[in-house]
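Here's the letter readout for the chains.
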Amino acid sequence: MSVSAERLVEELQIFDVDCDEALAEKLVELCLLYGQNEEKMATEVIAFLTSTGKGRLTSEILNSFEHECLSKRLPKGPHIASRDGGHAGARDIVSIQELIEVEEEEETLLNSYTTPSKGSQKRVITTPETPLTKRTVSIRSPHQLLSPSSFSPSATRSQKYNSRSNRGEVVTSFGSAQGVSWSGRGGAGNISLKVLGCPEALTGSYKSMFQKLPDIREVLTCKIEELGSDLKEHYQIEAFSPVLAAAQEPVTLLGQIGCDTNGKLNSKSVILEGDREHSSGAQIPVDLSELKEYSLFPGQVVIMEGINTTGRKFIATKLYEGLPLPFYQPTQEDEGFGQTMVLVACGPYTTSDSITYDPLLDLIAIINRDRPDVCILFGPFLDAKHEQVENCLLTSPFEDVFKQCLRTVIEGTRSSGSHLVFVPSLRDVHHEPVYPQPPFTYSDLPREDVKRVRFVSEPCSLSLNGVVFGLTSTDLLFHMGAEEISSSSGTSDRLSRILKHILTQRSYYPLYPPQEDMAIDYENFYTYAQLPVTPDVFIIPSELKYFVKDVLGCICVNPGRLTKGQVGGTFGRLLLRGQRTANREGTRSPCAAVQVVRI
């Protein structure tokens with residue numbers, strides 16, 4: 001049965017009822033669902049509008065029409081009427097085309113359990129003129145794969161997003177980006193993806209919400225002692241003194257920065273919490289008046305030199321800078337790769353006033369056009385902060401909406417051949433909200449896509465052809481920016497200071513205590529959220545303004561978010577030329593060019 005949207009619009013216009021494209025598509029679905037033609041459906045709509053006194057047709061009125069009129073008065077069409085009513089709720093989330101395919105698969109499965117004589121009665125006899133229908137999802141467009149109206153009663157498109165005029169505008173660049181052809185080889189390139197661990201990578205779920213305070217203390221103590229040992233060796237410090245031991249001569253203390261109140265850190269509230277070996281975890285207030293330059297945040301492991309004449313207050317005169325880890329040393333397996341293009345994007349993939357995933361569909365079109373070798377996609381894919389999620393307006397389970405979104409990305413980019421890397425977010429409403437966060441699970445991944453799709457944890461260190469990427473979807477810049485205090489004699493870039501702290505503290509989340517909405521499991525944090533090496537490229541999406549910076553030889557990129565409220569946001573693209581190489585002038589970054597582009 002075929003239904004024409006144009007014919008439906010014409011039938012409604014006879015009665016002076018206007019119907020836009022989105023409403024017409026919904027009416028077509030209802031015609032197929034309830035086995036009605038255009039004329040009968042238009043008659044039912046007009047009768048409903050007249051009886052309820054409605055002057056025009058909207059998506060809300062159309063939903064009421066379906067629930068109050070169609071579902072009670074009319075039986076469902078032959079494609080949907082099922083002998084097993086238990087499937088009805090789940091089938092609301094997929095398109096009509098897929099429902100037909102599910103019916104065929106169930107019939108095939110039942111046939112496999114019957115005897116040959118009975119099976120021959122049910123199985124359709126096929127000839128070359130009438131071949132058996134097979135799944136054709138690979139040739140469906142992303143718009144056909146994703147049907148927002150199936151999980152949201154108000155799936156209207158965002159007017160502000162669709163009326164934007166700055167599509168494709170390059171907002172910031174780094175390196176030799178002029179004259180670069182931003183197109184990859186898709187599946188034709190030779191790509192090696194490896195997850196680096198410290199000591200191992202997080203690959204699955206773990207038990208959380210049961211950690212004891214002594215266990216947290218143990219992790220923090222180990223962090224202080226490990227960083228302190230490396231700094232002591234580098235700066236050739238003879239010994240550390242206890243923080244409460246009075247001395248008339250200058251002393252050197254090792255410890256962690258803290259705040260003496262529950263409020264925000266300031267220059268008068270700084271305390272130093274000593275290590276276990278030398279100070280037994282004791283605390284002492286710190287006077288920063290003698291320091292000309294400093295940058296501190298709660299949880300920072302530092303070595304300070306100064307005067308502690310009373311054992312009750314430490315006057316700091318020198319602050320030792322932290323040390324980053326060495327860069328990754330490529331092996332023979334990492335050699336021989338050519339130029340690589342990488343696309344990075346961070347959710348939300350919907351605007352705040354719509355759930356139609358138009359920005360995601362636009363991103364898929366860009367991937368199919370430019371065919372990047374690797375696409376790194378950060379969550380949230382279904383944002384816990386979206387209005388329709390917060391108000392529980394979605395008609396399908398969060399997990400089902402996410403799977404439909406994931407299937408759209410995977411099957412919609414299949415023609416490009418690009419490798420896909422999915423990084424979860426603590427704002428993904430369907431996923432485990434604990435840090436570090438395990439990778440997504442997707443049992444329905446087609447066999448043909450297994451080699452090009454990779455699910456990683458949050459955070460993650462990923463080696464791409466020997467170039468190490470540091471990946472995190474947590475807005476660490478925003479969290480640390482709200483807590484950091486600094487003093488400088490000249491001009492100082494706050495974002496560069498924070499990025500330097502992350503690299504020298506050797507952790508994906510060095511802030512302690514963490515922000516209130518962060519649920520950190522510290523035992524697994526110590527295992528899975530430390531930097532194994534200094535990354536060549538650090539992707540750190542944030543609500544703060546997009547940027548590309550070179551910090552301690554690491555290219556740090558904030559690609560922004562794909563949407564900003566009701567308007568479009570930005571994504572990033574990188575061009576890699578090979579591994580890090582050394583020359584007379586020092587080391588050369590493997591990152592040749594970076595751009596941040598508006599969607």
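As a reminder, the structure under discussion sits directly above these lines.
Positions within a chain are numbered from 1, following the residues in the order the chain's sequence is written. Reporting in this predicted model follows two pLDDT cut-offs: at least 70 for local features of residues, and 80 or more for side-chain atom pairs to be given and counted; totals over whole chains, interfaces and linings ignore these cut-offs and use all residues. Side-chain numbers come from the whole structure's heavy atoms, not from hydrogens or water.

Q: Describe the nonpolar core, with residues and values.
A: Within this scheme, the nonpolar core is defined by two criteria: the residues are buried Ala, Val, Leu, Ile, Met, Phe, Trp, Tyr or Cys, and they are joined through side-chain atoms within 4.5 Å. Only protein chains enter the area calculation, which uses a 1.4 Å probe; residues under 20% of their type maximum are buried, those over 50% are exposed, and those in between are partly exposed. One finds Y349, Y357, L363, F422 and F571 to be the most contacted residues of the largest nonpolar core, which totals 38 residues. Numbering of helices and strands runs from the N terminus; a helix is a DSSP stretch of H or I covering at least four residues, while a strand is a stretch of E covering at least two. Residue assignment for this core shows that the elements contributing at least two residues are β9 (340-346), α12 (358-370), β10 (374-378), α14 (398-412), β11 (419-423) and β12 (453-455). If we ignore the near neighbours within four places in the chain, the residues touching Y349 are Y357, P359, L360, L363, L377, F378, P380, F381, L562 and T563. Contacts are residue-level and defined by heavy atoms, with any inter-residue pair within 4.5 Å sufficient.

Q: Lay out the sheet that holds strand β17 (residues 547-551) with the relevant residues and their values.
A: DSSP bridges decide pairing: two strands pair if at least two such bridges lie between them. The strand order across the open sheet formed by six strands is β2-β13-β14-β16-β18-β17, and the pairing between neighbours is mixed. Only two strands of the sheet have a single neighbouring strand rather than two, namely β2 (193-196) and β17. In this sheet, adjacent strand axes meet at a mean angle of 25 degrees when their direction is disregarded. Here strand β16 (residues 537-539) runs beside strand β18 (residues 554-558); their pairing, made up of three bridges, is parallel. Residue F538 lies in a different strand from β18, and its bridge partner there is C556. Along the sheet, helix α16 (residues 494-505) contacts β16, β17 and β18; its crossing angle with β17, the most-contacted strand, is approximately 55 degrees. To get an axis, a line is fitted to the C-alpha atoms, and for a helix only the part in contact is used. The angle between two axes follows their N-to-C directions and goes from 0 to 180 degrees.

Q: If you had to explain helix α3 (residues 38-52) to someone new, which residues and values would you point to?
A: Multiply 1.5 Å by the residue count of a helix minus one, and that product is the helix's expected span. Here α3 contains 15 residues, and its C-alpha end-to-end distance of 21 Å stays within 8% of the 21 Å for a straight helix at 1.5 Å per residue. Looking only at α3, the buried set comprises E38, M41, A42, E44, V45, I46, F48 and L49. At the N-terminal boundary of α3, the capping side chain belongs to N37, with an oxygen 3.3 Å from the backbone nitrogen of E39. Positioned one or two residues after α3, G53 has a phi angle of 75 degrees, which is positive. Polar contact is the term for a pair of N or O atoms within 3.5 Å; when the atoms are in protein, one must be able to donate a hydrogen and the other to accept it, and sequence-neighboring residues count only if both atoms are side-chain atoms.

Shape descriptors only; they carry no functional weight alone.
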